[in-house]
Amino acid sequence: MRILIIGGGMGGTILANNLARRLKGELRSGKARITMLSASDKHAYLPGLLYVAVGRMTPDELYRDQASLLEPGIDFHVDPAEEFMLDDNKVKAKSGKTYDYDVLVIATGSRMMPDSIPGLAENAEFFYTEETAVKMFKRLQNFEGGKVVITVGVPHKCPMAPLEITFMLNDYFKERGIRDKVDLHYTYPIGRVHSLENVAKWAAPEFEREGITYETLFNMKEVDGDKNVIRSEEGSETEYDLLIAIPAHKGMEVIEKNGLGQNGWIPTDRHRLNMEGRDNVFVLGDTTNLPISKAGSTAHFEAEALGENIAAMIKLGAPVRDYDGKVFCFIQAGSEKATYAMFNYNQPPSPKPPTRGVHWFKLAYNKLYWVSARGLL
Amino acid sequence: MSRKVVDARGSFCPGPLMELISNMKSAEVGDELEILSTDQGSANEIPECGVWHVVVKKTK
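The numbering scheme is per chain: residues are counted from 1 as the chain's sequence reads. Lettering of chains starts at A and numbering of ligands starts at 1, both following the order in which they are written. Thresholds applied to this predicted model are a pLDDT of at least 70 for local features of residues and 80 or more for the giving and counting of side-chain atom pairs; totals over whole chains, interfaces and linings are not thresholded and use all residues. The side-chain figures draw on all heavy atoms in the structure; neither hydrogens nor water molecules are used.

> Whenever I open this one, the overall build of chain A confuses me. Can you help?
Check the secondary structure of chain A and you find 11 helices and 22 strands. Throughout, radius of gyration means the C-alpha value; the globule benchmark is 2.2 Å times the number of residues raised to the power 0.38. Its C-alpha atoms give chain A a radius of gyration of 21 Å, within 12% of the compact-globule value 21 Å for 377 residues. Burial classes: relative accessible area under 20% of the type maximum marks a residue as buried, over 50% as exposed, and values in between as partly exposed (1.4 Å probe, protein chains only). A burial count over chain A gives 55% of its 377 residues as buried. For every accessible area listed, the method is Shrake-Rupley and the probe measures 1.4 Å; residues are considered covered only by the protein chains on display. Summed over all atoms, the accessible surface of chain A reaches about 15400 Å², with 49% contributed by carbon and sulfur. Here a helix means four or more residues in a row that DSSP labels H or I, a strand means two or more in a row labelled E, and each is numbered from the N terminus.

See below:
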């Protein structure tokens, strides 16, 4: 059984390590083979970018060599996939080499699309890449006061990011002693301050207590950099001195180019995680079109379910369990406290009030992640 | 013009409305989007549990 994993992010890496452990004997005897193709020789811990943007982590803390995270026996190549020939069970990569498979897993992730809104890329600060997070940090360091507007596109990676960056900025300006010179203004696309009702119920009064103003039903339409104004599809506009944006995301270009899914999201079975219409192609993490959070923990829990199923397909001839939609998201509620939300397809989350304890656990997880990526936690 | 089904059953986060907005952006004017939802917000207004089919048409 030749298993080919496309993508060395959280989902692909956890799956590869999970499978390598479950299939130790099969890998040794040659009955199974795991190959991973990635666009980079580095593995990035993307949730750390939020901390980089406010000067609480440095970029070098976010990376490890991908090969060092993988179990022995996994055949790893820095050779991004370019052409998917699903009818022939083949993937052609950038090097020109063609990889054959019996089981294919696509976990290529997503990317922010600031260009999707006129004026946004040129006039806003972002924190979804190392380069933009460092740029935002420098901009913040030189910011001495004025109106800071947070604006949010959909879909976006990490649904907690809009609230987290707002609370982090609130504390950042307090710590610099200039909070009284800053107006923090939060906007959100739907009729409450967060998609999770319970989170919105907690966050709105917290905003009021902290003097953070907000506007709901605000969907970005355009940014006018000359006038420092952002306008919404709903017809309202707001001025800014510093615009912080969580732009809408898309899946990777290679997915769209190969016609695998509109906007780069692949139609995926919500329980078995196979690509619709394909029994031997599976999809993980941000790359699916599932209506659940585009978050590392989603990829993590999907990878665990899929690892168990692929191993069972080899050993028992059939998959053994469904992915239940499990997601676990930390919510950093400022620089000193945090909470979390856990839910699945059937159970809504009921987050507790933020505490220092959960904050410390989140900081610990920022390091423990590397154990997680190895498939051990 | 076409009708696309957006299966947002079991979606707490980002939730059916966010799914609708995402799909609305890439829809053509005149397209219809049928949202399947098991969201509690819908359940509060309609006294039976189940799946709601909400059809939305993009007009501009």
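> Sorry if this is basic, but what is going on with the sheet that holds strand S5 (residues 74-78) of chain A here?
All names here are of chain A. Taking strand neighbours across the sheet as the criterion, the 5 strands line up as S5-S2-S1-S9-S20 in an open arrangement whose pairing is parallel. Strand pairing shows two members of the sheet lacking a second neighbour, S5 and strand S20 (281-283), which therefore form its edges. Taking each pair of neighbouring strands and ignoring which way they run, the sheet shows an average axis angle of 20°. At least two bridges found by DSSP between two strands is the condition for calling them paired. Alignment of strand S9 (residues 103-106) against S20, held across 3 bridges, turns out to be parallel. Angular values range over 0 to 180 degrees, each being the angle between N-to-C directions of two axes fitted as lines to C-alpha atoms, with helices fitted over their stretch in contact.

> Whenever I open this one, the layout of surface pockets confuses me. Can you help?
To locate leftover empty space, one rolls a probe as large as a water molecule over the atoms. In this analysis the probe radius is 1.4 Å and the grid spacing 1 Å, with only protein atoms considered; a cavity is a set of points the probe fits into but cannot get out of, a pocket is an open set with protein on both sides within 12 Å along at least five of seven lines, and lining residues have an atom within 4 Å of a point. Grid points are joined across faces, edges and corners, and a volume is the space filled by probe spheres set on the points. Taken as a whole, the second largest pocket spans an internal volume of roughly 900 Å³. Lining the second largest pocket we find 39 residues, and of these Trp265(A), Asn289(A), Lys4(B), Glu19(B) and Asn23(B) sit closest to its centre. At the level of secondary structure, the elements contributing two or more residues to the lining of the second largest pocket comprise strand S19 (249-251) of chain A together with strand S1 (3-8) and helix H1 (16-25) of chain B. If one sorts the elements of the lining of the second largest pocket by residue count, H1(B) sits on top with 5 residues. Only Asp, Glu, Lys and Arg are considered charged, only Ala, Val, Leu, Ile, Met, Phe, Trp, Tyr, Cys and Pro nonpolar, and every remaining residue, Gly among them, polar. Looking at the lining of the second largest pocket residue by residue, the class counts come to 16 nonpolar, 14 polar and 9 charged.

> What is the right way to look at the environment of Phe343(A) in this model?
Its place among the elements puts Phe343(A) in strand S22 (residues 338-343). Ignoring any residue separated from it by four or fewer positions in sequence, one finds Phe343(A) in contact with Leu196(A), Ser293(A), Gly325(A), Lys326(A), Val327(A), Pro348(A), Pro349(A), Phe12(B) and Cys13(B). Throughout, a residue-residue contact means that at least one pair of heavy atoms, one from each residue, lies within 4.5 Å.

> Would you take a moment to explain the nonpolar core for this structure?
Looking at soluble globular proteins, one finds that nonpolar side chains tend to be buried together. Residues and elements named next belong to chain A. Among the buried residues, those of types Ala, Val, Leu, Ile, Met, Phe, Trp, Tyr and Cys that are joined through side-chain atoms within 4.5 Å form a nonpolar core. In terms of nonpolar packing, the biggest core is built from 110 residues, with Phe127, Ile165 and Leu169 touching the most fellow members. Excluding residues that lie within four positions of it along the chain, isoleucine 165 makes contacts with Leu50, Val54, Phe127, Met136, Ile150, Ile244 and Ile246. Core analysis: the second largest hydrophobic core is formed by 19 residues, Ile6, Ala81, Val91 and Ile255 among them.

> Help me out: how do you make sense of the interface of chain B and chain A in this one?
How big an interface is tends to be stated in terms of the accessible area lost upon association of its parts. Counting residues at the interface gives 16 residues for chain B, matched by 26 residues for chain A. A buried area of about 1700 Å², summed over both sides, lies between chain B and chain A, and 58% of it is on carbon and sulfur atoms. Its largest share of buried area at the contact with chain A, chain B owes to Phe12(B), Cys13(B) and Met18(B), together 41% of the area lost on that side. We define a salt bridge as a side-chain nitrogen of Lys or Arg found within 4 Å of a carboxyl oxygen belonging to Asp or Glu. Across the contact surface, chain B and chain A share 1 salt bridge. Elements represented by at least two residues in the side of chain B that touches chain A include exactly S1 and H1 of chain B. For the side of chain B that touches chain A, the element with the highest residue contribution is H1(B), accounting for 6 residues. Of the residues contributing to the side of chain B that touches chain A, the split by class is 7 nonpolar, 4 polar and 5 charged. Once two parts are put together, the accessible area they lose, assessed with a 1.4 Å probe and summed over both, is termed the buried area.

> Honestly, the packing of helix H6 (residues 130-141) of chain A against helix H7 (residues 161-175) of chain A in this entry has me stumped. Any pointers?
Working note: a packed helix pair is described by the angle between its axes plus the distance between those axes. Residue and element names in this part refer to chain A. Two elements in contact, H6 and H7, have axes separated by 12 Å at closest approach and are oriented at 35°. Note that H6 runs across H7; the crossing there is right-handed. Residues Met136, Leu140 and Gln141 of H6 touch H7, and the partners they reach there are Ile165, Leu169, Tyr172 and Phe173. When the residues that make up the contact of H6 with H7 are grouped by side-chain class, the tally is 6 nonpolar, 1 polar and no charged. In this scheme, a crossing is called left-handed if the near helix is turned counterclockwise away from the far one by less than a right angle; it is called right-handed if the turn is clockwise.

> Can you help me understand helix H10 (residues 296-315) of chain A in this one?
Spacing of three or four residues puts side chains on the same side of an α-helix, whose turn is 3.6 residues. Residue and element names in this part refer to chain A. The span you would expect from a helix comes to 1.5 Å times its residue count less one. If you check H10, its first and last C-alpha atoms are 28 Å apart, about what 20 residues at 1.5 Å a residue would give, namely 28 Å. For H10, the buried fraction is high: 15 of the 20 residues fall into the buried class. Just downstream of H10, glycine 317 is the residue with a positive phi angle, here 90°.

> Is there a simple way to explain the packing of H7(A) against helix H8 (residues 197-210) of chain A in this structure?
Residues and elements named next belong to chain A. The contact between H7 and H8 brings their axes to 12 Å, and the two run at 20°. When the interaxial angle is binned, H7 and H8 end up roughly parallel. Considering the relative orientation of H7 and H8, their crossing is left-handed. Together, Leu163, Thr166, Phe167, Asn170 and Lys174 of H7 and Val199, Trp202, Ala203, Glu206, Phe207 and Glu210 of H8 make up the contact between the two elements. Taken together, the residues that form the contact of H7 with H8 break down as 6 nonpolar, 2 polar and 3 charged. Here the angle decides the label: under 35 degrees means roughly parallel, over 145 means roughly antiparallel, 65 to 115 means roughly perpendicular, and every other value means oblique.

> Explain helix H11 (residues 356-373) of chain A here, please?
All names here are of chain A. Between its first and last C-alpha, H11 extends 25 Å over 18 residues, near the 26 Å set by a 1.5 Å rise per residue. The complete set of buried residues in H11 reads Val358, His359, Lys362, Tyr365, Asn366, Tyr369, Trp370, Ser372 and Ala373. Here H11 starts with a cap whose side-chain oxygen sits 3.5 Å from the backbone nitrogen of glycine 357, and that cap is threonine 355. A positive backbone phi angle near 80° is found at glycine 375, which sits one or two residues after H11. Two N or O atoms form a polar contact when they lie within 3.5 Å of each other; inside protein one atom must be a possible hydrogen donor and the other a possible acceptor, and for residues adjacent in sequence the pair counts only when both atoms belong to side chains.

The quantities given are spatial measurements derived from coordinates; they are silent on function.
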